[in-house]
Amino acid sequence: MEGDSGETNMNNTFQPAPYEKLRLLKTAVIYGPNASGKTNIIAAFYECCRFIVNSTDLKLDDPIRGYQPFKLDRSSGTQPTSFKMVFGGKDNLKYQYEISFNAQQIWTEFLTFYPNGQAVILFTRTNGHTKVELGEGFLDKNIKRKVLKNRLFLSESANNSGDSQMGEIYSYFKNIEFWNLLNNLDMHVLARK
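Residues numbered from 1 in each chain as written. Predicted model: local features only at pLDDT ≥ 70, side-chain atom pairs only at ≥ 80, totals over all residues. Heavy atoms only, no water.

A. Quick peek at the overall build of the protein. The helix and strand inventory of the protein stands at three helices and nine strands. Along the protein, from the amino end to the carboxyl end, the secondary structure elements read β-β-α-β-β-β-β-β-α-α-β-β. Looking at the 193 residues of the protein, the share that counts as buried comes to 39%. Carbon and sulfur atoms make up 52% of the accessible area of the protein, which amounts to about 12200 Å² in all. (Helix = DSSP H or I, 4+ residues; strand = E, 2+ residues; numbered from the N terminus. Buried < 20%, exposed > 50% of the residue type's maximum accessible area, 1.4 Å probe, protein only. Areas by Shrake-Rupley, 256 points an atom, 1.4 Å probe, with all protein chains shown as cover.)

Next comes the structure, spelled out in structure tokens:
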């Protein structure tokens, strides 16, 4: 979560190296009236992280549990769910990870990072393919590029291939902790290690 350009509450922001122009918030609050979607934001983020961490547990043709289309719109029942996350790794690099999927398969999966501020593709997966195209930023060019249609390449390469580059990114998602003070979801309100 990025801070605005104002000068108030500067003690709640920090500037990660090497991105001195980027101001990130140390803490943020989601608030609003009842039934406005606050819990859904946290639940969606939880489901996405849980899917990344547990993707390799899926067997051939197992459904993807995190797929939950909007029930009041019949056309959304066939549309993929999409997530796009921008985050910083231990190496102080900016990463962008995108996935889209339905109950049966991954439709797209992209991972990009930004050394020196320029986008460098690590890998791409498009059109529901099970084969991944490695980008110039991916270090281990001999890695297995094919995954099951319901598994994420990020998870597969970190867990089954032992790729340390993907392992660090996978660990970022694995180390996010969720705490639910109301105990009404299968998760623990958002806290970061």
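Now that the structure is up, let's keep going.
B. Highlighting the packing of helix H1 (residues 38–54) against helix H3 (residues 164–174). Contact geometry for H1 and H3: axes closest at 9 Å, N-to-C directions at 135°. For the element pair H1 / H3, the angle class is oblique. Considering the relative orientation of H1 and H3, their crossing is left-handed. Facing Cys-49, Ile-52 and Val-53 of H1, the residues of H3 in contact are Tyr-170, Phe-173 and Lys-174. (Axes fitted to C-alpha atoms, helices over the stretch in contact; angles between N-to-C directions. Parallel < 35°, antiparallel > 145°, perpendicular 65-115°, else oblique. Left-handed = near helix turned anticlockwise from the far one by under 90°. Contact = heavy atoms within 4.5 Å.)

C. Up close: the confidence of the model for the protein. The predicted model of the protein averages 84 in pLDDT, with 88% of residues at 70 or higher. Across residues 185–193 the pLDDT falls below 50, and counting only partners more than four positions away or on other chains, this stretch makes 32 contacts in the model. (pLDDT = per-residue confidence, 0-100.)

D. Structural detail: the nonpolar core. In terms of nonpolar packing, the biggest core is built from 40 residues, with Ile-52, Tyr-97, Phe-123, Met-166, Ile-169 and Phe-173 touching the most fellow members. For this core, the secondary-structure elements that each account for two or more residues are H1, strand E3 (81–88), strand E4 (94–101), strand E5 (106–113), strand E6 (120–125), helix H2 (153–159), H3 and strand E8 (176–178). No other element matches the seven residues that H1 contributes to this core. (Core = buried A, V, L, I, M, F, W, Y, C linked by side-chain atoms within 4.5 Å.)

E. Fine view of the sheet that holds E4. Ordered by their spatial adjacency, five strands build an open sheet running E3-E4-E5-E6-E7, and the pairing between neighbours is antiparallel. Of all the strands in the sheet, the pair left with one neighbour each is E3 and strand E7 (133–134). Bridging between E4 and E5 involves seven bridges; their strand directions are antiparallel. Residue pairing in the sheet places Tyr-97 in a bridge with Leu-111 of E5. In the packing of H1 onto the sheet, the strands contacted are E3, E4 and E5, and the crossing angle to E3 comes to about 80°. Sitting on the sheet, H3 touches E3, E4, E5 and E6, and the angle it makes with E3 is about 105°. (Pairing = 2+ DSSP bridges.)

F. Spatial organisation of the environment of Asp-163. Tracing the sequence through the fold places Asp-163 in the loop between H2 and H3. For Asp-163, a relative accessible area of 8% gives the class buried. If sequence neighbours within four positions are ignored, Asp-163 has contacts with Phe-138, Asp-140, Ile-143, Ser-157 and Ala-158. Of the polar contacts made by the side chain of Asp-163, one reaches the backbone nitrogen of Gln-165; its length is 3.2 Å. (Polar contact = N/O pair within 3.5 Å; in protein donor to acceptor, adjacent residues only side chain to side chain.)

G. Expanded view of the side chain of Arg-125. Mapped onto the secondary structure, Arg-125 falls in strand E6. Take Arg-125: its relative accessible area is 1%, and that puts it in the buried class. Within polar-contact distance, the side chain of Arg-125 engages the backbone oxygen of His-129 at 2.9 Å. Among the polar contacts listed, one links the side chain of Arg-125 to the backbone oxygen of Arg-151, at a separation of 2.7 Å.

H. A look at H3. For H3, every residue scored as buried is listed here: Gln-165, Met-166, Gly-167, Ile-169, Tyr-170 and Phe-173. One side-chain oxygen at the N-terminal end of H3 lies 3.2 Å from the backbone nitrogen of Gln-165; it belongs to Asp-163.

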